Amino acid sequence: MFVFKAAVVGAGTMGGEIAQVMASADVPVVLKDVDRKFIDQGLEKARQVTEAQLGRLVKKEKLTQEQADAQLEDVVGRIQGTTEYEGFGEVDFVVEAVPEKMEVKQAVFGELDAVTPGHAILASNTSSLSISEMAEATSRPDKVVGFHFFYPASMMRLIEVVEGDETSPETMQAAANFAQAIRKMPIRCAECPGFVGNRIANSAISEIWRAQEESGATPEEVDKLVSEAKVLPMGPFFLTDQLGLDTVLHVAEHLRDSYGDRFYVHKQMKELVEAGNLGAKTGKGFYEHGN
Ligand SMILES: NC(=O)c1ccc[n+]([C@@H]2O[C@H](COP(=O)([O-])OP(=O)(O)OC[C@H]3O[C@@H](n4cnc5c(N)ncnc54)[C@H](O)[C@@H]3O)[C@@H](O)[C@H]2O)c1
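Computed from a predicted model, the values in this text were never measured in an experiment.

A look at the overall build of the protein
When its secondary structure is counted, the protein shows 11 helices and eight strands. Its C-alpha radius of gyration of 19 Å places the protein within 12% of the 19 Å reference for a compact globule of 291 residues. Seen through its principal axes, the protein has C-alpha atoms that stretch 55 × 50 × 30 Å. Among the 291 residues that make up the protein, the fraction classed as buried is 42%. The contacts of the protein with a sequence gap of at least 6 include a subset with a gap of at least 24, amounting to 65%.

Structure below.
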């Protein structure tokens, strides 16, 4: 199946950049959120990321500034924002990137089933929830698949293509093909807790979280040490603030519940989430962020 037009639902931490990845690969994309201000933030993110990518090409003298300016407008111009499902009647592939809550995802999948053509593949960027349960909200469970990008979507090449109970082999293949068409590297995953990437990443980060709480070192001290050791591009607590504490907590709890106490749930993170401090997106998490 060829994807002539795609859509992304949810223009938050992940959605804006996912739309940017598609638009950069010449795929027209509709970006939907519940409020215009979230769409504007998603579009702004897409513009910033594209500008930075093209700026690097100008620096390497692979593009002139004029060419870069024109390409920037082309890429951003391929993303159409909407608070309704305007334009969804002609999409071939949708990536859902709304908050990690099954009831919200199922409501969105039910709506997508109604507004998209019958052949369209409905994919979820979920980090941990069941693809099969989302598929139950549709009349096309064979066309529902996991399509898990990693943060930041514009830079990270991996996409986990996750097979639900009813996902057809044709849908798995079409999703892998589309991942390659947008210059990503697909891997096929079973529907198991944490899939592959988060299961590996969380086993390591669990040890950092545990050591921080047991030692009484501050998150800032741990971030400084880990950054200086250059094992991660930034400190793990600062990174968690960028990812969104609600999403990270949900994955951590899911892995602990599924595999036992070798996966750790950071206590302060849970308290921060309960107080509504979700990291960079709300202005406060382990750190204060000027928004
Ligand atoms: N943050 C990460 O690092 C990361 C990485 C990989 C996968 N994911 C997954 O991606 C998904 C989105 O995560 P996020 O971090 O971007 O969340 P987020 O909270 O930053 O953004 C979610 C967006 O969805 C919008 N939304 C809520 N209900 C909606 C609806 N009914 N229709 C349209 N839009 C709606 C919200 O307004 C918000 O803008 C989750 O499933 C998460 O597990 C997140």
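After that view, the rundown keeps rolling.
What about the site of the ligand?
For the ligand, the set of nearby residues contains 28 residues, the closest of which are G10, G12, T13, M14 and Y151. Counting only elements with at least two residues in the shell around the ligand, the list comes to α4 (102-115) and β6 (144-149). In terms of residue class, the shell around the ligand is built from 14 nonpolar, 10 polar and four charged. Two domains each provide a minimum of three residues to the shell around the ligand, namely domain 1 (6-190) and domain 2 (197-274).

Quick look at the environment of D165
Along the polypeptide, D165 turns up in the loop between β7 (158-163) and α6 (169-181). In this structure the C-alpha to C-alpha distance between D165 and V248, which are 83 residues apart in sequence, comes to 25 Å.

Structural notes on the domain arrangement of the protein
According to the domain assignment, the protein contains domain 1 (6-190) and domain 2 (197-274). Between domain 1 and domain 2, the C-alpha centre-to-centre distance is 26 Å. Each side of the interface is counted separately: domain 1 has eight residues, and domain 2 has nine residues. Residues belonging to the side of domain 1 that touches domain 2 are distributed by class as follows: three nonpolar, three polar and two charged.

Examining the packing of helix α1 (residues 15-24) against helix α2 (residues 36-59)
The interhelical angle for the contact between α1 and α2, taken along N-to-C directions, is 50 degrees, at an axis separation of 8 Å. Judged on the interaxial angle alone, α2 and α1 are oblique. Relative to α2, α1 is oriented so that their crossing is right-handed. Between α1, through G15, G16, E17, A19, Q20, A23 and S24, and α2, the contact on the second element is made entirely by Q41, G42, L43, K45, A46, V49 and T50. Taken together, the residues of the contact of α1 with α2 sort by class into five nonpolar, seven polar and two charged.

A word on the sheet that holds strand β4 (residues 93-96)
Backbone hydrogen bonds hold the strands of a sheet together, and the pairing may be parallel or antiparallel. Pairing is mixed in the open sheet, where eight strands are placed in the order β3-β2-β1-β4-β5-β6-β7-β8. Taken across any chain shown, the strands that pair with only one partner, and hence form the sheet edges, are β3 (79-82) and β8 (185-190). Recorded for the sheet is a direction-independent mean angle of 25 degrees between the axes of neighbouring strands. Summarising the sheet, strand β1 (residues 6-9) and β4 pair through four bridges and their orientation is parallel. Pairing of V8 across the sheet is with V95, part of β4.

Section: the nonpolar core
Counting residues in hydrophobic clusters, the biggest one holds 53 residues, and the most contacted among them are I18, V29 and V94. Top element by residues in this core is α1. It accounts for five residues. Beyond its immediate chain neighbours, meaning those up to four positions away, V94 contacts A6, A7, V9, L112, T116, A120, L122 and A123. Ranked by size, the runner-up nonpolar core spans 15 residues in total, among them L245, L249, A252 and F263.

Overview of the pairing of strand β5 (residues 121-124)
Residues of β5 alternate between two faces, with I121 and A123 on one and L122 and S124 on the opposite face, all of them buried. By the bridge criterion, four bridges tie β4 to β5 in an arrangement that is parallel. In the sheet register, V94 faces β5, and the bridge partner there is L122. Read as a crossover between parallel neighbours, the route from β4 over α4 to β5 is right-handed. Sheet topology note: the β5/β6 ladder contains three bridges and is parallel. What sits directly across from A123, in β6, is V145.

Definitions and limits used
- Residues numbered from 1 in each chain as written.
- Predicted model: local features only at pLDDT ≥ 70, side-chain atom pairs only at ≥ 80, totals over all residues.
- Helix = DSSP H or I, 4+ residues; strand = E, 2+ residues; numbered from the N terminus.
- Rg over C-alpha atoms; globule rule 2.2 N^0.38 Å.
- Buried ≥ 20, exposed ≤ 12 C-beta atoms within 10 Å, placed from the backbone.
- Contact = placed C-beta atoms within 7 Å.
- Near = placed C-beta within 6 Å.
- Nonpolar A, V, L, I, M, F, W, Y, C, P; charged D, E, K, R; others polar.
- Domains from an automatic or database assignment.
- Axes fitted to C-alpha atoms, helices over the stretch in contact; angles between N-to-C directions.
- Parallel < 35°, antiparallel > 145°, perpendicular 65-115°, else oblique.
- Left-handed = near helix turned anticlockwise from the far one by under 90°.
- Pairing = 2+ DSSP bridges.
- Core = buried A, V, L, I, M, F, W, Y, C linked by C-beta atoms within 7 Å.
- Right-handed = clockwise from strand over helix to strand, strands pointing away.

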